[in-house]
Amino acid sequence: MIPELGHFALILALLLALTQSILPLAGAARNVPAWMALARPAAQAQFLFVAIAFGCLAYSFLVNDFSVLNVAQHSYSKLPPVYRFTATWGSHEGSLLLWTLILALWTLAVTLFSRHLPDDMVARVVGVMGLVSCGFLLFMLATSNPFLRLLPAALDGSDLNPMLQDPGMVIHPPILYMGYVGFSIAFAFAIAALISGKLDASWARWSRPWTTAAWVFMTLGIMMGSWWAYYELGWGGWWFWDPTENASLMPWLVGTALIHSLAVTEKRGSFKAWTVFLAIAAFSLSLLGTFLVRSGVLSSVHSFATDPARGLFILGFLAVVIGGSLLLFAFRASQVGLGGRFALVSRESFLMANNILLLTATASVLLGTLYPLFLDALGLGKISVGAPYFNAVFVPLVTPLLFLIGVGPLARWKQAAVPELAARLKWGFAGSVAVALLLPLTLGAWKPMVSLGILLALWIAITVAIGVQARLRTATGWSANFYGMQLAHFGVAVTVIGITMVSAYETERNVRMNEGDTAALRGYTFLFKGTKGLEGPNYKAARGTLEVTRDGKPVATLYPEKRTYSASGMPFTESAIDYGLTRDLYVALGEPLDGGAWSVRLFHKPFVVWIWIGAVLMALGGLLAITDRRYRAASRKKGAEA
């Protein structure tokens, strides 16, 4: 009965999504308050029924109901309970239900925290989000029903993908989806503004905290995915330019452009049409990422769907959403106006250059991701576009972007005086250049890319310090938005240092080791103490022990594993890492060799953890910006008027 209840809840959620979208949108068009008032209760009820459906699927996994096809294909009776729960979104159908639940959650948040907005704007925003919900609910019910029965029931399940049997699976997908789906709010605000024809600074101010919140989740989701791949795959890499990674990077890049463009639209009334376009593009790329990952066109650990009907449905939905919104944008763009004028040298012009570079970088990633698919679809052969292409194209685009991060916040709005700007920045730039040229010499070898990376990171950090010092000297009062921006920019500098150092100076050794053998790497000695058998709840493993010393002093004891999962028979590597602020020691077991020996991979990775520390600082900066009192003041003002 539980699966049938979940299926029925999805049907009711679809009916409520239709109510949430059609009547409020019609009410806003005809100025019928009663119809507009339906938006909030319909959206809240829709969330309730989607949550019930999700709860029913999670319950089916937790109790090992192998009469549900989804459970039989993606769970196992000996799977630990926490992974039985996370298996709820470990399949195509379950991940789609999680997406729909998070979309309903974001919509619920809009209904609860939008009391300060005009009723017609709320009706349009919630109505547009309801239309998106309709698309995903229809997709589930038509092609991806998570509650299909398997009769007779399976005796046991096929097990969850071993890579997904990790604590990262508990956190990473929900956080990343919060970012993916969160951009639907910026999209809904943009479409609502286009429909109403009121493309002034108000809609930018209303949507800005929501967009920043989505960007924060997206930043954390990408960071967690990178770290998860780093420790879980056993290769020691932190970014692989895998199409699934690119699918999340592209909306993040456009979302970054969007939050900067929203700032200009809100404060100066400029970039109005551009900001609307970016809001459409960010959510469109989120949908495109869904198509790439969920339609089966990619061969990746995340691409669980293989039914072409699903791909065609997503492609059609994509065409309707993107095509319809761009047509509306084209129809209304001429009515938007140019907004405030600004000089060639001004904060606006630097932010525009920032946006153009971000979009160009996004286009380069999009081309590298889709080009192999187009060739394959046209029967022209299969090619692989990997790191050499992305490094050759993406890095030159990001370099001037990082330089502008230092200049933009220090320039004046509307028009900046070049001599004044140069006077503020000259010593910071000179110091950055000097350190960037000399520091690599102390690291053993001077490399031009290392100097460039250090130069850009120091440049950003120094300009952040200059901006904060100027603010403390001249401004009164606390501005969460300003300090959040500076913290996020400092996080970029920290990440750049991490990427630069680990890319240039990481060291790797693949060695054959018998019990008692030692291997040296960057001043560390690894003593292999052999392996012993280990039995987990649903796997058997060989666990190695390596004692690490430096100058005869103990540093760490590492326990890498080579697992074989019982249900699938799939082998899997569990790496062991000694984390440090300035270096990671990374060990992974390869294959067993003759004579009791093992293939062992040893890595020394300098400053790699800075990549993720910087991402956390970026997210904290965004979170701080959301707390700016201007947004709370708008809410209090509306409440006082009521």
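### Notes on the sheet that holds strand E8 (residues 576–578)
- One open sheet holds the four strands; their spatial order is E1-E10-E9-E8, and the pairing between them is antiparallel. Of all strands in the sheet, those bounded by a partner on one side alone are strand E1 (507–513) and E8. Pairs of neighbouring strands in the sheet enclose a mean axial angle of 20°, with direction left out of account.
- Helix H9 (residues 201–232) contacts E8, strand E9 (583–592) and strand E10 (598–606) of the sheet and is inclined by roughly 50° relative to E9.
- Packed onto the sheet, helix H17 (residues 480–505) meets E1 and E10 and runs at close to 135° relative to E10.

### Things to note about the domain arrangement of the chain
- You can read the domains of the chain as domain 1 (1–165), domain 2 (170–335 + 347–406), domain 3 (417–505 + 615–642) and domain 4 (507–607).
- For domain 2 and domain 3, the distance between their C-alpha centres works out to 23 Å.
- With 22 residues of domain 2 at the interface, the matching set in domain 3 holds 24 residues.
- Buried surface at the junction of domain 2 and domain 3, both sides included, amounts to about 1900 Å², of which 78% is carbon and sulfur.
- Summed over the three residues of domain 2 that lose the most area to domain 3, namely Trp-238, Leu-402 and Ile-405, the buried surface amounts to 25% of that side.
- For the pair domain 2 and domain 3, the number of links is two residue pairs in polar contact (both at pLDDT 80 or more).
- Mapped onto the side of domain 2 that touches domain 3, the elements with two or more residues apiece are H9, helix H10 (243–268) and helix H14 (387–407).
- Broken down by element, the residue count for the side of domain 2 that touches domain 3 peaks at 10 residues, all from H9.

### Looking at helix H1 (residues 2–30)
- Helix length check: H1, at 29 residues, gives a terminal C-alpha distance of 42 Å against a target of 42 Å (1.5 Å per residue), a fit within 8%.
- Asn-31 sits one or two positions beyond H1 and adopts a positive phi of about 60°.

### Regarding the packing of aromatic side chains
- In the structure shown here, the tally under the stated rule is 30 aromatic pairs.
- Both rings, one in Trp-106 and one in Phe-217, keep their centres 6.0 Å apart while their planes meet at 85°; by these two values the pair is edge-to-face. Linking Trp-106 in helix H6 (residues 92–112) with Phe-217 in helix H9, this pair joins segments that are 111 residues apart in sequence.
- Given a relative accessible area of 25%, Phe-217 falls into the partly exposed group.
- Summarising the aromatic geometry, the rings of Trp-241 and Phe-394 are spaced 5.4 Å apart at their centres and angled 65° between planes, so their arrangement reads as edge-to-face. Note that Trp-241 is positioned in the loop between H9 and H10 and Phe-394 in helix H14, a separation of 153 residues in sequence.

### Here we look at unusual backbone geometry
- Leu-151 connects to Pro-152 through a cis peptide bond whose omega is -5°.
- Counting through the fold element by element, Pro-152 comes out in the loop between helix H7 (119–143) and helix H8 (167–196).
- Non-glycine residue Asn-31 carries a positive phi angle of around 60°.
- In this structure, Phe-271 takes a positive phi of about 65° despite not being glycine.
- By secondary structure assignment, the location of Phe-271 is in the loop between H10 and helix H11 (272–294).
- Under the relative-accessibility criterion, Phe-271 is labelled buried at 6%.

### Looking at the environment of Phe-85
- Relative to the helices and strands, Phe-85 is located in helix H5 (residues 81–86).
- Sequence-wise, Phe-85 and Phe-61 are 24 residues apart; in three dimensions their C-alpha atoms are separated by 6.3 Å.
- Excluding residues within four positions of it along the chain, Phe-85 makes contact with Phe-54, Ala-58 and Leu-62.

### Some points on the packing of H6 against H7
- At a closest axis distance of 10 Å, the pairing of H6 and H7 adopts a crossing angle of 165°. It follows that H6 is roughly antiparallel to H7 by the angle criterion. Remark: the crossing between H6 and H7 carries left-handed chirality. Here His-92, Glu-93, Leu-96, Leu-97, Trp-99, Thr-100, Leu-103, Trp-106, Thr-107, Val-110 and Thr-111 of H6 lie close against H7, whose contacting residues are Val-125, Val-126, Met-129, Val-132, Ser-133, Phe-136, Leu-137, Phe-139 and Met-140.
- For the contact of H6 with H7, a count of residues per class yields 14 nonpolar, five polar and one charged.

### Thoughts on the side chain of Asp-166
- On the secondary structure map, Asp-166 appears in the loop between H7 and H8.
- Arg-563 is the oppositely charged side chain nearest to the buried, salt-bridge-free Asp-166, at an N-O distance of 7.1 Å.
- One polar contact links Asp-166 to Trp-228, side chain to side chain, over a distance of 3.5 Å.
- Side-chain polar atoms of Asp-166 contact the side chain of Tyr-231, separated by 2.4 Å.
- Excluding residues that lie within four positions of it along the chain, Asp-166 makes contacts with Tyr-83, Trp-228, Tyr-231 and Glu-232.

Conventions and cut-offs
- Residues numbered from 1 in each chain as written.
- Predicted model: local features only at pLDDT ≥ 70, side-chain atom pairs only at ≥ 80, totals over all residues.
- Heavy atoms only, no water.
- Pairing = 2+ DSSP bridges.
- Helix = DSSP H or I, 4+ residues; strand = E, 2+ residues; numbered from the N terminus.
- Axes fitted to C-alpha atoms, helices over the stretch in contact; angles between N-to-C directions.
- Contact = heavy atoms within 4.5 Å.
- Domains from an automatic or database assignment.
- Buried area = accessible area lost by both parts, 1.4 Å probe.
- Polar contact = N/O pair within 3.5 Å; in protein donor to acceptor, adjacent residues only side chain to side chain.
- Expected span 1.5 Å × (residues − 1).
- Phe/Tyr/Trp six-rings, centres within 6.5 Å; stacked < 30°, edge-to-face > 60°.
- Buried < 20%, exposed > 50% of the residue type's maximum accessible area, 1.4 Å probe, protein only.
- Parallel < 35°, antiparallel > 145°, perpendicular 65-115°, else oblique.
- Left-handed = near helix turned anticlockwise from the far one by under 90°.
- Nonpolar A, V, L, I, M, F, W, Y, C, P; charged D, E, K, R; others polar.
- Lys, Arg positive; Asp, Glu negative; His and termini not counted.
- Salt bridge = Lys/Arg side-chain N within 4 Å of Asp/Glu carboxyl O.

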